[in-house]
2 protein chains.
Amino acid sequence: WSGRLQIRAALDGQVRNAGVSRYQGLSNQHLNLRDSGCPDRGLLHLLVETSQSRLQVAQSARLTLSRRGEPLHAEPTAMAEPGCCAALYEVDVAEGVALCVEKVLALFTSRDTAISECALESRKAATEAPDFATLADSHGRIWSHLWQRFDLQLGHPGREPDNRNERILHLHLFHVLQTASPNTMDLDVGIPARGLHGEAYRGHIFWDELFVFPMLNLRVPEITASLLRYRYRRLGEARRAARAAGFRGAMYPWQSASNGREESQRLHLNPQSGRWIEDHSRLQRHVSSAIAYNVWQYYEVTRDLEFLSFYGAEMILEIARFWADAATYNEHRRRYDILGVMGPDEYHDAYPEADAAGLNNNAYTNVLAAWVLCRALALPSLLPVERYRELRQSLSLEPEELDRWDTISRTMFLPFHDQGILSQFEGYERLSEFDWEGYRARYGDIQRLDRLLEAEGDSPNRYKASKQADVLMLFYLFSAEELEELFARLGYAFPPETIPRNIEYYLQRTSHGSTLSRVVHAWVVSRSDRDRSWELFTRSLDSDVTDIQGGTTKEGIHMGAMGGTLDLVQRCYTGVVTRGDTLWFNPALPAGLSRLSLNLRYRGHSLGVWVTPDTLRLSAAPGGAPAIRLGVAGQVHEVAGGETREFRLHRRRRATPP
Amino acid sequence: WSGRLQIRAALDGQVRNAGVSRYQGLSNQHLNLRDSGCPDRGLLHLLVETSQSRLQVAQSARLTLSRRGEPLHAEPTAMAEPGCCAALYEVDVAEGVALCVEKVLALFTSRDTAISECALESRKAATEAPDFATLADSHGRIWSHLWQRFDLQLGHPGREPDNRNERILHLHLFHVLQTASPNTMDLDVGIPARGLHGEAYRGHIFWDELFVFPMLNLRVPEITASLLRYRYRRLGEARRAARAAGFRGAMYPWQSASNGREESQRLHLNPQSGRWIEDHSRLQRHVSSAIAYNVWQYYEVTRDLEFLSFYGAEMILEIARFWADAATYNEHRRRYDILGVMGPDEYHDAYPEADAAGLNNNAYTNVLAAWVLCRALALPSLLPVERYRELRQSLSLEPEELDRWDTISRTMFLPFHDQGILSQFEGYERLSEFDWEGYRARYGDIQRLDRLLEAEGDSPNRYKASKQADVLMLFYLFSAEELEELFARLGYAFPPETIPRNIEYYLQRTSHGSTLSRVVHAWVVSRSDRDRSWELFTRSLDSDVTDIQGGTTKEGIHMGAMGGTLDLVQRCYTGVVTRGDTLWFNPALPAGLSRLSLNLRYRGHSLGVWVTPDTLRLSAAPGGAPAIRLGVAGQVHEVAGGETREFRLHRRRRATPP
């Protein structure tokens, strides 16, 4: 065909947030046009301002037409369209001769650093940008660098290589790195629960970062530091929230956004019943402990004392202070309670017949609170003396308060039932067993049991049925030794052999209504049941790629599950634990894996890790950083840059580092 | 007196930049009103937007009236004033009863992190802020923390304590910390030449930070890291500038502002003659080397490999690349030249009879360029292998280019005259001697000789007369050993005994037209002439406190001179040098000092330093950081947290560390 071709190029300032169908009835137009020019010196321009936050976003686009590598000069006609900058190009095309159309766009916001004014910068960048091929080259190079730093490779036993698992892990890696990378290190951003991929939760930040940080920590820890500063900048708002709720210290919100205030909804819709239900998820106070945990993990990997001094310590101290103030003394049992909260399991937000929301002594919450208090008490021995003195003065920390923290960290109450089963919360044992078989038979998919029960006029609050890991989160976050230490400090016997019983108990009572759940379960059974771990792991891999929840993926991928599956390979199946200035390894490949290799970064060293069922090989790249301590099978080895160590693995070995 | 009192409270959106009288004829109103409310729920509000950069600034003020500690409720009347938000309060006052008026103001900008919208945040903050006494308390506490970290104390010999010098140093410290402190670490800001104090140079950033960073490095190095990131963010613009000038690599501007483009004026006014003169100061390309030097100094003090990896190395490599490309091969002498630049001395911008601006082979510029090339060549042995590989690929660094850098770093030309005097630039020796006596007799103050000569139709370009240290900057930045190494690599003999001759030569030919000049001279004579060093040092202290230049202080204090005087005490008189993983000390108190004590921070340690003419005491505060290496009189001592070492000082000692 030969003839005249019309090409319409536009910048659209009328974009609406219309990606989540059940949000359609709510306000979804957030942009006001401030300026547009179409076309002006070969560029299209658009400057919009967000309606509430007054954030400016400028775009400039350069359209280039060419034929056989020769530029084609076509004078565009401006097209009048409301809130939109559009231009029409008309070109004669001839059969068999390709026409090449390149649209190169530059975007700046008023929050970018090193700018004069965002519209000016976008014009300059669009004008000066090289052609598509050059841009694609540099894009590819940056991705190849990320890939080298983050890659992991799997081998499968006894069959031809099936790369499906590896490909899904790479997809997960792609989404994690789209959301947080060296490119975001200089921005005031966190890890939204749905990445930058979809509009569900409106970009809000939950505790999900807990599942993403460990993977980043051991690859490019500077990314984690930057994400933690996002939380640090919102410490003031967390203090304000604690104050408003009548507490001292810092209480981070369950859903966090722009300025760090609580953004959780108070009502949510059950599409099953069409009813609006009260939403108490903000009672998940454990999010603050997750932040303290993330700070600590980052510190363990990097020993970045400057970060701890200027940002981390203050967060830990203020979160500890919150827990100490939120805990109430129970005269009867001479222990401290934490009352009226929710654990990670969102099926339970109240006692069956209660008027008010909230549960007492959620085991996960209480253990984490005690752990945070221990970390806060350890800070004086870690921080430079003058920095700790500054913090003590700025926060008005008195010796009596620290004594109280110490007491609570030793006498927090933990509920148990059935001889050694840690109760999800106090009174859990009085709930009814749930008819899993019956409901599965009736509904098939019962992941969102809460919605099914509510539609029936019932409530999961009545049953021993969890949406996701709650007690079992403890075995995900802590090694058996760490838990033993914590429980011993609290005066509870908790021998390691109790752990498998607890795991079995809750595994049987979980619907996996959260994508995070299978990740945690695959993790906690990795040592006791290699087949089940593999099955849960591969099922976790399916979360988004097959839209396991039937419709939530198009609203945005699940960042926690994606980070978590990567971390399962990186830390769980290698048995990596960072503790006591040592990087411990204790590999346990699941049934479906015959080989695993990846690169870690630890205290200035790049470490190649290569695992088979029999062998662990660790190889430190040449470099000038001080030697590191690597622990294998209870032994610590000093390893310097350029050295390689190989270890025979035995069937029976210590479960975790001493 | 008793009666009715009117109190007018306002937020003024009509503020002009009118602090520098010779800028009065230029545009000086930069704010557009976007919103104001007066009063609204007890607050005054003002939201303005800067006219060019569209930066929003929101203020909210809370006015509280009280009598005898009891709040007084007075309903204000709004006052209509253009671009201003004002309210009138009327109160009855009675003789002998104090009325207390508190105005508490909160200011946010659209560039602040962790905000929803700046006007909203300022309202919230002004509403919730505590009373004046509480605010003043916390303000005082923060300052006392800064004071503890930065304090230095002087003792004077043989007389009653005269605290004048100490008080001026504290004033300098105050201004440095007003400009850069932990409060600015999260902002995209640099060190403006006049601090945040006055409007001269319109807040632009010069090389002056070179005189401020060393002091910050050894107290709170995280501040320096943040200020260096300001430069890193503008690396793209420095690359653009190099490209525009026909060079590869990065060419930082002499005057930098918002987006990092060159902001230097092309004409300036000589108030002496009333004429507008061409301004070639942008030819001071050495500013890029100063940035590389600052990166290196920061790294030497902290060994912050992550900073070097992600920010510092790329700057050093791109600046090295610029110098290698700017250097041209001189067939005749088989060495590399750098042509057409200006050195630090601003009296010389061209050869006397030349048509074009620029001088050839400015010694300072050439030595620094060779030094930058050496630092760039050292990076592969310092950086993590994968990071260096990434940089090599991203920057397309080929082995041939590195070979060329190596060659140039060994064959850069340096001009000499009069047997061992390093010429300020090639051909300097052909200039006429200046009639210092005659001009001093005629004008008294000849600091700004350039203006006097221009008014006479003459030019300093004709004379061996410098405004400020140029060649001597080398002895300020480098130890004798470092210089010897650099010169040896370049194939020039430069025995240490030549240094005093060079110093004497240029000291006699300098008018001190820059406040930086005396700082440098006090430094370079500190070992050879303790009386003169003291005299120059105390004269430097006067720069702003007595407005030594007759009128420039009210346009803004001189940040470089302030930082430099502090650094004279901190590094020069203690002989502190950071080199080769060792912190060297070699105290040499000037004539006017009998004692010196201060606290340094080095690689995670807090180090008390106490110096008398006979004794050096070093005391590391308890802490867990790895032991550090302290060098005294050629010996290196490993010192751990909690240890104190004392050294007897001898009259004759090594001039500088080996």
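Okay, so let's go over this structure. (Residues numbered from 1 in each chain as written. Chains lettered and ligands numbered in written order. Predicted model: local features only at pLDDT ≥ 70, side-chain atom pairs only at ≥ 80, totals over all residues. Heavy atoms only, no water.)

1. A few points about the overall build of chain A
Here is step 1 of the chain: Helix and strand content of chain A: 19 helices and 23 strands.
Here is step 2 of the chain: Computed over the C-alpha atoms, the radius of gyration of chain A is 27 Å, within 12% of the 26 Å expected from 2.2 N^0.38 for a compact globule of 658 residues.
Here is step 3 of the chain: Reported as C-alpha extents along the three principal axes, the dimensions of chain A are approximately 85 × 60 × 60 Å.
Here is step 4 of the chain: The 658 residues of chain A split such that 58% are buried.
Here is step 5 of the chain: Here the analysis covers contacts within chain A between residues at least 6 apart in sequence; of these, 68% occur between residues at least 24 apart.
Here is step 6 of the chain: The distance from the centre of the 76 positive side-chain charges to the centre of the 83 negative ones in chain A is 2 Å. (Helix = DSSP H or I, 4+ residues; strand = E, 2+ residues; numbered from the N terminus. Rg over C-alpha atoms; globule rule 2.2 N^0.38 Å. Buried < 20%, exposed > 50% of the residue type's maximum accessible area, 1.4 Å probe, protein only. Contact = heavy atoms within 4.5 Å. Lys, Arg positive; Asp, Glu negative; His and termini not counted. Charge placed at Lys NZ, Arg CZ, Asp CG, Glu CD.)

2. Looking at a nonpolar patch on the surface
All names here are of chain A.
Here is step 1 of the chain: A cluster of nonpolar side chains, namely Leu 171, Phe 174 and Val 545, defines an oily patch on the protein surface of about 210 Å² accessible area.
Here is step 2 of the chain: Secondary-structure assignment places Val 545 in helix H18 (residues 530-545).
Here is step 3 of the chain: Look at Val 545 and you get partly exposed, because its relative accessible area is 39%. (Patch = residues over 30% accessible without salt bridge, like charges linked within 9 Å, V, L, I, M, F, W, Y side chains within 5 Å. Areas by Shrake-Rupley, 256 points an atom, 1.4 Å probe, with all protein chains shown as cover. Salt bridge = Lys/Arg side-chain N within 4 Å of Asp/Glu carboxyl O.)

3. Quick word on the relation of the copies chain B and chain A
Here is step 1 of the chain: Overlaying chain B on chain A yields an RMSD of 0.0 Å, the required transformation being a rotation through 180° with an accompanying axial translation of 0.0 Å. The superposition of one copy onto the other is thereby described by a two-fold rotation axis. Relative to the rotation axis, the C-alpha of B:Arg111 is the closest in chain B, positioned 2.9 Å from it.
Here is step 2 of the chain: Interface residue correspondence from chain B to chain A reaches 100%, placing this contact among same-surface, isologous pairings. (Least-squares fit on C-alpha atoms with pLDDT ≥ 70 in both.)

4. So, the sheet that holds strand E23 (residues 644-648) of chain B
Two pairing modes exist for strands in a sheet, parallel and antiparallel, and in both the strands are linked by backbone hydrogen bonds.
Residues and elements named next belong to chain B.
Here is step 1 of the chain: Read across the open sheet, the 5 strands follow the order E9-E18-E19-E20-E23; overall the sheet is antiparallel. Two strands in the sheet have a free side with no partner beyond their single neighbour: strand E9 (152-155) and E23. The mean angle between the axes of side-by-side strands here comes to 15°, regardless of whether they run parallel or antiparallel.
Here is step 2 of the chain: Of the pairings in the sheet, the one linking strand E20 (residues 615-620) to E23 comprises 5 bridges and is antiparallel in character. Bridge assignment links Thr 615 to a residue of E23, and that residue is Arg 648. (Pairing = 2+ DSSP bridges. Axes fitted to C-alpha atoms, helices over the stretch in contact; angles between N-to-C directions.)

5. Some thoughts on the interface of chain B and chain A
Here is step 1 of the chain: With 54 residues of chain B at the contact, the number on the chain A side is 55 residues.
Here is step 2 of the chain: Together, the buried faces of chain B and chain A total about 5,100 Å²; carbon and sulfur atoms form 40% of this surface.
Here is step 3 of the chain: One can count 16 salt bridges joining chain B with chain A.
Here is step 4 of the chain: At the junction of chain B and chain A, the tally comes to 30 residue pairs in polar contact (both at pLDDT 80 or more).
Here is step 5 of the chain: Looking at the side of chain B that touches chain A, the elements that each hand over two or more residues are strand E3 (43-50), helix H1 (118-128), helix H2 (132-150), helix H5 (221-233), helix H6 (235-244), helix H8 (305-326) and helix H10 (385-394) of chain B.
Here is step 6 of the chain: In terms of residues, the side of chain B that touches chain A owes the most to one element, H10(B), which gives 7 residues.
Here is step 7 of the chain: Among the residues forming the side of chain B that touches chain A, the class breakdown is 14 nonpolar, 14 polar and 26 charged. (Buried area = accessible area lost by both parts, 1.4 Å probe. Polar contact = N/O pair within 3.5 Å; in protein donor to acceptor, adjacent residues only side chain to side chain. Nonpolar A, V, L, I, M, F, W, Y, C, P; charged D, E, K, R; others polar.)

6. Re the nonpolar core
The nonpolar side chains of a soluble globular protein tend to be buried, and buried together.
Here is step 1 of the chain: Membership of the largest hydrophobic core comes to 309 residues, with the highest contact counts inside it found for A:Trp207, A:Met473, A:Phe585, B:Trp207, B:Met473 and B:Phe585.
Here is step 2 of the chain: In this structure B:Trp207 touches B:Trp254, B:His286, B:Val287, B:Ala290, B:Pro344, B:Tyr364, B:Gln468, B:Met473 and B:Leu516, once residues within four positions along its chain are discounted.
Here is step 3 of the chain: Core analysis: the next-biggest nonpolar cluster, separate from the first, contains 16 residues, B:Leu11, B:Val57, B:Cys85 and B:Ala87 among them. (Core = buried A, V, L, I, M, F, W, Y, C linked by side-chain atoms within 4.5 Å.)

7. A few points about the side chain of B:His605
Residues and elements named next belong to chain B.
Here is step 1 of the chain: For His 605, the location among the structural elements is in strand E19 (residues 605-611).
Here is step 2 of the chain: We classify His 605 as buried; its relative accessible area is 2%.
Here is step 3 of the chain: Looking at His 605, its side chain comes within polar contact range of the main-chain oxygen of Ala 625, at 3.2 Å.
Here is step 4 of the chain: For His 605, the contacting residues outside a window of four places in its chain are Leu 600, Ala 620, Ala 625, Pro 626, Ala 627, Ile 628, Ala 640 and Gly 641.

8. Some words on the sheet that holds strand E21 (residues 628-632) of chain B
Residues and elements named next belong to chain B.
Here is step 1 of the chain: Across the sheet, which stays open at both edges, the 4 strands sit in the order E16-E17-E21-E22 with mixed pairing between neighbours. Looking at which strands have only one partner, the edges of the open sheet turn out to be strand E16 (577-579) and strand E22 (635-639). Here the average twist between neighbouring strands, direction ignored, is 30°.
Here is step 2 of the chain: As paired strands, E16 and strand E17 (residues 582-585) are joined by 3 bridges and run antiparallel to one another. Among the inter-strand pairings, Thr 578 is bridged to a residue of E17, identified as Leu 583.

9. Side note on the pairing of strand E18 (residues 595-602) of chain A
Residues and elements named next belong to chain A.
Here is step 1 of the chain: Of all 8 residues making up E18, 6 are buried, and the element is well covered by its neighbours.
Here is step 2 of the chain: Alignment of strand E9 (residues 152-155) against E18, held across 4 bridges, turns out to be antiparallel. Bridging from a neighbouring strand, Gln 153 pairs with Ser 597 of E18.
Here is step 3 of the chain: Of the pairings in the sheet, the one linking E18 to strand E19 (residues 605-611) comprises 7 bridges and is antiparallel in character. Bridge assignment links Leu 596 to a residue of E19, and that residue is Val 611.
Here is step 4 of the chain: The turn joining E18 and E19, which pair antiparallel and follow one another in sequence, is formed by 2 residues; a positive phi near 45° is taken by Arg 603.

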